[in-house]
Amino acid sequence: MADTAERTTLSSDQRKTLNDVEMQEWLESLEYVLHSAGPQRVVEILERLDVYAQGQGVDIPFTATTPYLNTVPVSEQPDYPGDVDLERNIRRFLRWNAMAMVVRANKNTGVGGHISTYASAAILYEVGFNHFFRGHDAGVDGDIVYYQGHASPGIYARAYLERRIDKERLHNFRREVEQDGLSSYPHPWLMPNFWQFPTVSMGLAPIMSIYQARFNTYLTKRGFIEQGTGKVWAFLGDGETDEPETLGAIKFAAREKLDNLIWVINCNLQRLDGPVYGNGQIIQELEGIFRGAGWNVIKVTWGGEWDKLLEKDSQGYLAERFAKLTDGESQRYAAFGGSELREKFFDTPELKALIEGWSDDDLSKLNRGGHDISKVYAAYHKAFHHTGSPTVILARTVKGYGMGKAGEAMNVAHQQKKLDLEDMKAFRDRFSLPISDDDIASYPFYRPDEDSPEYKYLMERRKALGGPQPERRVKSEPLAPPDESVFDEFTKGTDGREVSTTMVFVRILGKILRDKTWGKLVVPIIPDEARTFGMEALFRQIGIYSSVGQLYQPVDADNLLYYREDEQGQILEEGITEAGSMASFIAAGTAYATHGVNTIPFYIFYSMFGFQRIGDLAWAAADMRTRGFLLGATAGRTTLEGEGLQHQDGHSHVLAYGVPNIMCYDPSFAFELAIIIREGMRRMYQEQESIYYYLTVGNDNYAQLPEPEYLDRDDLKQGVLNGLYKLRPAENIEDVDVSKAKHRAQLFGSGAIMPGVLKAQEMLADYGVAADVWSVTSYKALHQDALGAERYNRLHPEETPRTAYIYDALKDEDGVLIAASDYLKLLPDSLARHLPKPMVALGTDGFGRSGTRDDLRDFFEVDARYVVVATLYELAQEGKRSRKKKADRLDMSVVSKAIRDLGINPDKANPHNS
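Residues numbered from 1 in each chain as written. Predicted model: local features only at pLDDT ≥ 70, side-chain atom pairs only at ≥ 80, totals over all residues. Heavy atoms only, no water.

Draft legend 1. Just the overall build of the protein, in detail. The secondary structure content of the protein amounts to 36 helices and 20 strands. The C-alpha extent of the protein, read off along each of the three principal axes, is 110 × 75 × 55 Å. Among the 914 residues that make up the protein, the fraction classed as buried is 56%. Within the protein, residue pairs in contact and separated by at least 24 positions form 77% of the contacts whose partners lie at least 6 positions apart. Carbon and sulfur atoms make up 48% of the accessible area of the protein, which amounts to about 39200 Å² in all. Of the side-chain charges in the protein, 104 are positive and 132 negative, and the distance between the mean point of each set is 3 Å. (Helix = DSSP H or I, 4+ residues; strand = E, 2+ residues; numbered from the N terminus. Buried < 20%, exposed > 50% of the residue type's maximum accessible area, 1.4 Å probe, protein only. Contact = heavy atoms within 4.5 Å. Areas by Shrake-Rupley, 256 points an atom, 1.4 Å probe, with all protein chains shown as cover. Lys, Arg positive; Asp, Glu negative; His and termini not counted. Charge placed at Lys NZ, Arg CZ, Asp CG, Glu CD.)

Draft legend 2. Summary view of the packing of aromatic side chains. Under the definition given, this model contains 55 aromatic pairs. Each ring, one from Tyr118 and one from Tyr125, has its centre 6.3 Å from the other, and the planes form 20°; the classification is stacked. This pair shows no difference in class: Tyr118 is buried, exactly as Tyr125 is. Plain terms: the ring middles of Trp518 and Tyr685 are 5.3 Å apart, the flat faces sit at 85° to each other, and that makes the pair edge-to-face. Here the residue Trp518 occupies a position in the loop between helix H22 (501–513) and strand E7 (522–526), and Tyr685 occupies one in helix H28 (residues 670–686), the gap between them amounting to 167 residues. Tyr685 gets classed as buried once you look at its relative accessible area, which sits at 0%. Taking the ring centre of Trp189 as reference, the NZ or CZ of Arg625 above it sits at 4.4 Å. (Phe/Tyr/Trp six-rings, centres within 6.5 Å; stacked < 30°, edge-to-face > 60°. Lys NZ or Arg CZ within 6 Å of the ring centre and 35° of its normal.)

Draft legend 3. Up close: the pattern of salt bridges. With the rule as written, the count across this model stands at 51 salt bridges. Salt-bridge contacts for Arg531 lead to Asp556; the nearest nitrogen and oxygen are separated by 3.6 Å. Separated by 25 residues along the polypeptide, Arg531 in the loop between E7 and helix H23 (537–542) and Asp556 in the loop between strand E8 (544–545) and strand E9 (565–566) bring together distant segments of the chain. When the shortest N-O distance is used, the salt bridge between Asp772 and Arg744 registers 2.8 Å. Remark: Arg744 occurs in strand E17 (residues 743–749) and Asp772 occurs in strand E18 (residues 769–776); sequence separation between them is 28 residues. Ionic contacts of the salt-bridge type, sharing partners, join the residues Glu484, Arg678, Glu707, Arg713 and Lys717 into one network. (Salt bridge = Lys/Arg side-chain N within 4 Å of Asp/Glu carboxyl O.)

Draft legend 4. Region of interest: the environment of Pro470. Within the fold, Pro470 resides in the loop between helix H21 (453–464) and strand E6 (498–499). Under the relative-accessibility criterion, Pro470 is labelled buried at 2%. Each C-alpha atom of the pair Pro470 and Lys221 lies 26 Å from the other, and the pair is 249 residues apart in sequence.

Draft legend 5. Local environment of the nonpolar core. Ile210, Phe346 and Tyr692 are the most contacted members of the largest nonpolar core, which totals 168 residues. Those residues in contact with Phe346 that sit more than four places away from it in its chain are Trp306, Leu309, Leu318, Leu341, Leu351, Lys352, Ile355, Leu363 and Leu366. Ala121, Tyr380, Ile440 and Leu458 belong to the second largest nonpolar core, which has 66 residues in total. (Core = buried A, V, L, I, M, F, W, Y, C linked by side-chain atoms within 4.5 Å.)

Draft legend 6. The arrangement of the side chain of Asp700 in detail. Residue placement: Asp700 occurs in the loop between strand E14 (692–696) and strand E15 (702–703). On the accessibility criterion, Asp700 (10% relative accessible area) is buried. At 2.9 Å, the side chain of Asp700 and the side chain of Arg857 are in polar contact. Setting aside chain neighbours within four positions, we find Asp700 in contact with Val499, Ser500, Ala752, Arg853 and Arg857. (Polar contact = N/O pair within 3.5 Å; in protein donor to acceptor, adjacent residues only side chain to side chain.)

Draft legend 7. Examining the sheet that holds strand E10 (residues 572–573) more closely. Taken in spatial order, the six strands line up as E10-E7-E11-E12-E14-E13 in an open sheet, and their pairing is parallel. At either end of the open sheet lies a strand with only one pairing partner, and these are E10 and strand E13 (662–665). Pairing between strand E11 (residues 600–606) and strand E12 (residues 629–633): five bridges, direction parallel. Across the sheet, the residue bridging to Tyr606 is Ala633, located in E12. The strands touched by H22 are E7, E11 and E12; relative to E11, the strand with the most contacts, the crossing angle is about 160°. (Pairing = 2+ DSSP bridges. Axes fitted to C-alpha atoms, helices over the stretch in contact; angles between N-to-C directions.)

Draft legend 8. How the structure looks around the packing of helix H14 (residues 327–336) against helix H15 (residues 338–345). Running from N to C, H14 and H15 point in directions that differ by 145°, and their axes come no closer than 6 Å. Side by side, H14 and H15 meet where Glu329, Arg332, Tyr333 and Phe336 of the first sit next to Gly338, Ser339, Glu340, Leu341, Lys344 and Phe345 of the second. Grouping the amino acids of the contact of H14 with H15 by side-chain chemistry returns four nonpolar, two polar and four charged. (Nonpolar A, V, L, I, M, F, W, Y, C, P; charged D, E, K, R; others polar.)

Draft legend 9. Representation of the packing of helix H4 (residues 84–109) against helix H6 (residues 152–161) within the structure. The contact between H4 and H6 brings their axes to 8 Å, and the two run at 120°. On the basis of their axis angle, the class for H4 and H6 is oblique. Of the two elements, H4 crosses H6, and the hand of that crossing is right-handed. Mapping the contact onto sequence places Ile90, Phe93, Leu94, Asn97, Ala98, Met101 and Val102 in H4 and Pro153, Gly154, Tyr156, Ala157, Arg158, Tyr160 and Leu161 in H6. Grouping the amino acids of the contact of H4 with H6 by side-chain chemistry returns 11 nonpolar, two polar and one charged. (Parallel < 35°, antiparallel > 145°, perpendicular 65-115°, else oblique. Left-handed = near helix turned anticlockwise from the far one by under 90°.)

Draft legend 10. Summary view of the environment of Trp358. Tracing the backbone through its elements, the reader meets Trp358 in the loop between helix H16 (349–354) and helix H17 (360–364). Sequence separation between Trp358 and His595 is 237 residues, and the spatial gap between their C-alpha atoms is 54 Å.

Draft legend 11. Looking closely at helix H18 (residues 373–385). With 13 residues, H18 ought to run about 18 Å at 1.5 Å a step, and its terminal C-alpha atoms sit 18 Å apart, in line with that. Residues of H18 that are buried: Ile373, Lys375, Val376, Tyr377, Ala378, Ala379, Tyr380 and Ala383. For H18, the capping residue at the N-terminal end is Asp372, with a side-chain oxygen 2.9 Å from the backbone nitrogen of Ser374. (Expected span 1.5 Å × (residues − 1).)

Draft legend 12. The arrangement of a nonpolar patch on the surface in detail. Taken together, the side chains of Met23, Trp26, Leu27, Leu46 and Leu49 present a nonpolar region at the surface, about 510 Å² in accessible area. Elements with a contribution of two residues or more to the nonpolar patch: helix H2 (12–37) and helix H3 (39–55). For the nonpolar patch, the leading source of residues is H2, giving three residues. As for its placement among the helices and strands, Leu27 is situated in helix H2. (Patch = residues over 30% accessible without salt bridge, like charges linked within 9 Å, V, L, I, M, F, W, Y side chains within 5 Å.)

Draft legend 13. Spotlight on H28. Spanning 17 residues, H28 covers 23 Å between terminal C-alpha atoms, matching the ideal 24 Å at 1.5 Å per step. With respect to burial, H28 is a largely interior element, 15 of its 17 residues being buried. Looking at the residues trailing H28, positive phi occurs at Gln688, about 60°.

Draft legend 14. Seen up close, the sheet that holds strand E4 (residues 296–300). One open sheet holds the five strands; their spatial order is E1-E2-E3-E5-E4, and the pairing between them is parallel. Every other strand in the sheet has two partners, leaving strand E1 (144–146) and E4 as the edge strands with one partner each. In this sheet, neighbouring strand axes are inclined to one another by 15° on average, regardless of whether the strands run parallel or antiparallel. Here helix H5 (residues 116–131) sits on the sheet in contact with strand E2 (232–237), strand E3 (261–267) and strand E5 (391–396), set at roughly 140° to E3. Across the face of the sheet, H18 comes into contact with E2, E3, E4 and E5 while running at roughly 170° to E4.

In structure tokens:
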């Protein structure tokens, strides 16, 4: 070989020839080693060369990607096990029916739909349906599949061929209000026997699938289910990977070695408006990200027609051209076909030589890997048998495949919902469908007879794989809640000892964990705040789940409450990830359906980092009919001393209003919390209602009152659960005589503000006011009940009107109504029109502040003093409006005196505008 000096004297053509010869020698040497010593020896040599080159000062560019080629070489492709011809026919029927369903829906009612996503992914799904996706009858080998939301028409089309969905339901695609129709996207709430997972809120399916796969291993390690070969499959789009939830937890999946997880990313290179990464290569970008995170990456880039050219290309020119290909350029070739490919892609003498004698039609058959069943099967087969890490399959497809000029590879493909008659005919002809010109204008659906080879094959494959997919099948048995005696200690109060409701909850959880039936079913989920919530005792008691146990001695090993990880640990200590924790909550709260196991999640978190941060996942949980308890700890805008604006929650209950099947409670005392939790367990696990609970608990220590003795226990339970009961009548205040009081008031308190309301009750006696205190445990429950009564009356105008629970409770009570809450005024104000008289709400609108609890409650004007002033002012206003004698009215001068007595600054800034 020539040395450096000799090279400089050569012409450019001579240097090129020399470089080519040199490269060929290296490749032949490497090929010899590969065939004689195997792949591992090749890796050793390359690693040694890498080290040597760096030692010689060669700056080797970092790359986390492999060449832009298929990961599975032709030599390793397994034989395709299916009947290729029958499967091709089935796909033709599916493509047509999916397209006809959307076009018909949009033509007749304008309700829209999506064609192009399924068009690009049909083979990705069908290889799975025919050879991989196992149903419920496969038992522990059954698979869990997250279907891409926009591909739903294709999934319905298959269910139609299988006779699981009839023609009328296809006619009613996206029409569920008045018709027995089909959901626009996967919705377990609306189609509870069909869909398992809502997936069209992009980014949520990926993170849910990761934590579902981990929860499957959790159930196995804890002995709830046997070890099987079941996989969690998630189908998503390349554009979807821009969502932070999509890639945000992939390192966790690798860390947990979730080889039961397979992602299939449909890389059709387009998002909703255009290319995902037009100036680059999204597949290569994603490969680098996933390989860097520790995933097994399988690329399915080029179809079988390219193999002929790759085999012919001994110099690697084609691979070099692939490496330079941008996605935007690639889309033009898919859209404009062989002539464009000839002119713009095969643009060097070496590349032109490869296609010598090829026609434009030949070039148009150079397909992408995601449209080749053999390539897709090889990828799935390799992924299925891979161990030690999760797998992602990056499958290169064409968006709108088969739609021709109506949208194939066009930027408008995602929005394409209409095809004219000529487009329909072109679609029919491309896939050789038996639809006549006379019938085509009516968008007919097509399925073969039950004695046809296609139908028999379709059903035989599903039977062999364990039944239909998708299917949601509830397999758990009803389970009664713990006996009431388990909660007896919480009825008695703390005899003056100050305890927070968070600590009460931890004590309740401990009692449930010791219950013989329920203890093992509890799944405590904590983002990273167990010590903040006083839950560290559980580390020792039930352990923190780890798939590998504890491979180290913790620094606090000598402590009684040391940090203990265990393969059979019960706690899911998720770290700093509310989204991941919520995904675990969903997996645990739906195990009754996915696995037939009544696990009951208790997910406890900083309340401020709840609904405003994971609201989309909370909605998905509702759609999935999740069961369990969300605990918003450190709740309220004035309870966190020193923390400030970003930590103080004054709005989570208002945000939770938006989720229809969440039961929301803001309890003040231990007995209330115990009643609510037991009732929640009864409703969710014995009655099997599709609801879940949001409870706010605080870190503010105060004396826990016993159950009020004057109330019958059944009446108390009804009040707590309905949302309102009289906690302490004015006449029951110790050491206070209200018998001579001239005025009456009804005070509402909840959560952490309740002690202040009780104090205000006592203070008001000094101003001649007898005030009753009511505990409002759930404004949402009261509001929903009132709306129900209002609706009934409106629709039954000649029947006896119904009255709201809160109206009945207050209609005979005298005095003004004052509500104080640690939440926005909007929360109590939601009841305004359902009350027998006007109510004044005190709340914490505005941004939070750092400060002591006393200072914060003064700042937001919700402490006992402000309750007193608000009550007196409303009584004075009521006196003005009434016909009482002046001597019996409360004068405004009394309000002014109270403001002075209580040290309130009437001129301070309005906190609700700051």
